[in-house]
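Tertiary structure, described
These are the residues of each chain, in order.
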Amino acid sequence: MNSFLSAPVRVIRFYYYGFRNMSLWGRKVWIIIIIKLIIIFAVLKLFFFPDLLNKNFTNDEQRSEYILDQLTKSPEFYD
Amino acid sequence: MIENVDLALVDWSRAQFALTAIYHWIFVPLTLGLSFIVAIMETIYVRTGKEEWKRLTRFWMTLFGINFAIGVATGIILEFEFGTNWSNYSWFVGDIFGAPLAIEGLLAFFLESTFVAVMFFGWNKVNKKFHLTSTWLVAIGASLSALWILVANAWMQNPVGMTFNPETARNEMIDFWAVLFNPVAVDKFLHTVTSGFLLASMFVVGVSSWFLLKKREEWFAKKSILIAALFGLFSSLTVAFTGDMSARTLADVQPMKFAAFEAHYKGKQNAGLTAFGILKNSDEKIGNKTIKKFIFRIEIPGFLSVMTGGNKDAYVPGITNLVNGDLQGAQILSVIEKMGRGGIARETLNDYKRARMTNDKEQVENILNFMKSKEFIEEYFSYFGYAFLKAPEDAIPDVSIAFYTFHLMVMLGFLFILIFILALIFAFRDTLLKNRWFLWIAMFSVPLAYIASESGWVLAEMGRQPWIIQDLMPVSAAVSQIKAGSVMTTFVLFAVLFTALLTAEVSIMIKQIKTGPNH
């Protein structure tokens, strides 16, 4: 039982000491990673990149209707 | 309601995707190749037990870590763009694109994320063999995650293993193995991954040359050059071989791209391969597109026929034949004919849509049965995308871009083979320090490796225009009906974000290189 519990504890400790003893370059790139992920997920995804079909339609039937419309337009539409 | 597609929207959407992909690809090949070079170096350390090899391994692992960390998640933005800018395409491709990308996500997360931590935090905490296994798993995991992205991309170049379901307006995967072992996917994976190995080898040789020019870390630099040059020579020869395989496959499944990157207009037997050439506009046209002619050309006679058909008598169709059709030299339908067949496929889909709206169940059933028939799929639906073209010449990509990117990539590829051979000769004779000219060339060849790598992607993606999915969907039909201005805004945002990331990477990397392996 003890060894079963100690495995996750050892993993947590591994990461804890890894981050704690990280080199200067390691800290710098982690700061960049965090800033980058915030920009990508909290700014770009949230405000600039909605999933259009999910946003504009409530179910897959409506989505497929819309795409069928798009696929059956004449070439002049794409002029 | 937008009345017709804004061409500026298509252009900005394409420009944005190109910008994101090009920046993303700056980080990826170095990750792919450096992970293997580091794994080889660590293997030598574990086998010899010499601390110098550990020092060497840790230095290159640091540079790998910087590149990996800065580049990680930059590819996710491409997936955002699918949902926002390319929603028609995203829906149309259905699970065929989603499945490989999902596998890639899981592999990348579990394999790379878990074992990268052991790579960096595990020195002196786990035993040597477990650490080495983790390093190899990171290398293999990086290439495996690339595999799934390339499988998805290959499907766009050569759609196989699927059927179109008109009820959902989506393509559905019916043969996973056909998608995975798509000949384009096999060639693309081997060629792309080994080109990443080549780039990383050039990076290691270039950076090590800098140390030698600065008369620093002589042992470290010489050993690094030896390992990287061996790996680089193997990789560059494999790149040449897989490039040849890839070209043969393209001649079969994307003949227009093949003809475009050779600027081959008139089909013939005993067709020559252009080793080097300069193009100019001529007075002749195909529709409204100007035919390019050579003002200077070095040709290898008959080699294009040998490459594609195995002998000099093999007929290689040119751009003109592919547009106008050629039922004598090869069984090629004209683009006009394909437009007609694609039009029938679209009209059938239209009939289905109308029958569904009027709730005419019998008609719906009849049309569905017809659309599922082999005749409809092979004779009409396989040309569906041609229904969106307005003129036959719209099927021709930009010949100049395809030609120059292809020839630049090939010429640089041969230069890298030469550099790796010279590096090995000088390394074995221990004359690297005496040949400073070579060290300078090696150092300045690092950016050339990036140019060659990016050229390959520009050729792959620009050469298949106007298609986003070969023959089934042109880019103009794939784009979402949104305002061009909003795409332009995010284009600028990405340009700023990626430039900042690249600047950060380069500055941290230069600092670490200057610090050297003694940090």
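Please read all numbers here as calculations on a predicted model, not as lab measurements. (Residues numbered from 1 in each chain as written. Chains lettered and ligands numbered in written order. Predicted model: local features only at pLDDT ≥ 70, side-chain atom pairs only at ≥ 80, totals over all residues.)

Take the interface of chain B and chain A next. Counting residues at the interface gives 40 residues for chain B and 32 residues for chain A. Taken together, the elements giving at least two residues each to the side of chain B that touches chain A come down to helix H2 (51-71), helix H3 (76-85), helix H4 (87-93), helix H5 (95-121), helix H13 (335-357), helix H18 (475-478) and helix H19 (484-515) of chain B. No other element matches the six residues that H19 of chain B contributes to the side of chain B that touches chain A. Here the side of chain B that touches chain A is built from residues that sort into 24 nonpolar, twelve polar and four charged. (Contact = placed C-beta atoms within 7 Å. Helix = DSSP H or I, 4+ residues; strand = E, 2+ residues; numbered from the N terminus. Nonpolar A, V, L, I, M, F, W, Y, C, P; charged D, E, K, R; others polar.)

The interhelical angle for the contact between helix H2 (residues 24-48) of chain A and H3 of chain B, taken along N-to-C directions, is 15 degrees, at an axis separation of 11 Å. Regarding the angle of H2 of chain A to H3 of chain B, the classification is roughly parallel. Crossing of H2 of chain A against H3 of chain B: the hand is right-handed. Each of Ile-40, Leu-44 and Lys-45 of chain A in H2 of chain A lies in contact with H3 of chain B, whose residues at this interface are Ile-76, Ile-77 and Phe-80 of chain B. Each residue belonging to the contact of H2 of chain A with H3 of chain B can be placed in one class, and the counts come to five nonpolar, no polar and one charged. (Axes fitted to C-alpha atoms, helices over the stretch in contact; angles between N-to-C directions. Parallel < 35°, antiparallel > 145°, perpendicular 65-115°, else oblique. Left-handed = near helix turned anticlockwise from the far one by under 90°.)

The next thing to look at is the confidence of the model for chain A. Overall, the prediction assigns chain A a mean pLDDT of 79, with 86% of residues at 70 or greater. Within chain A, no element has a lower average pLDDT than helix H1 (residues 2-20) of chain A, which sits at 76, and none a higher one than helix H4 (residues 60-71) of chain A, at 86. (pLDDT = per-residue confidence, 0-100.)

Helix length check: H2 of chain B, at 21 residues, gives a terminal C-alpha distance of 30 Å against a target of 30 Å (1.5 Å per residue), a fit within 8%. Count one or two residues on from H2 of chain B and you reach Ala-73 of chain B, which has phi positive near 75 degrees. (Expected span 1.5 Å × (residues − 1).)

Let us now look at the pairing of strand E1 (residues 162-165) of chain B. Residues and elements named next belong to chain B. Going residue by residue along E1, you find Met-162 and Phe-164 tucked away on one face and Thr-163 and Asn-165 left uncovered on the opposite face. In this sheet, strand E2 (residues 170-173) lies alongside E1 in antiparallel orientation, the contact comprising four bridges. Looking across to E2, one finds that Met-162 is bridged to Met-173. (Buried ≥ 20, exposed ≤ 12 C-beta atoms within 10 Å, placed from the backbone. Pairing = 2+ DSSP bridges.)

Residues and elements named next belong to chain B. When strand E4 (residues 273-286) meets strand E5 (residues 289-300), the two strands line up antiparallel, connected through ten bridges. What sits directly across from Lys-285, in E5, is Thr-290. What sits between E4 and E5 in their antiparallel hairpin is a turn of two residues, with Gly-287 showing a positive phi close to 60 degrees.

As a further point, take the nonpolar core. Residues and elements named next belong to chain B. By size, the foremost hydrophobic cluster in this structure holds 153 residues, and its most contacted members are Ile-37 and Trp-60. Counting residues per element, this core draws most heavily on helix H1 (residues 7-48), which supplies 16 residues. Setting aside residues no more than four positions away along its own chain, Ile-37 makes contact with Trp-60, Ala-200, Ser-201, Val-204, Ile-227, Ala-228 and Phe-231. (Core = buried A, V, L, I, M, F, W, Y, C linked by C-beta atoms within 7 Å.)

Glancing now at unusual backbone geometry. Residue and element names in this part refer to chain B. Cis geometry marks the peptide bond from Gln-465 to Pro-466, where omega comes out at 15 degrees. Mapped onto the fold, Pro-466 is located in the loop between helix H17 (436-462) and strand E7 (467-469). Of note, the phi angle at Asn-124 is positive, near 70 degrees, even though the residue is not glycine. Within the element layout of this structure, Asn-124 appears in the loop between H5 and helix H6 (128-157). On the basis of neighbour count, Asn-124 is assigned to the exposed category, with 8 C-beta atoms found within 10 Å. In this model, Asn-270 sits at a positive phi of 55 degrees, which is unusual for a non-glycine residue.

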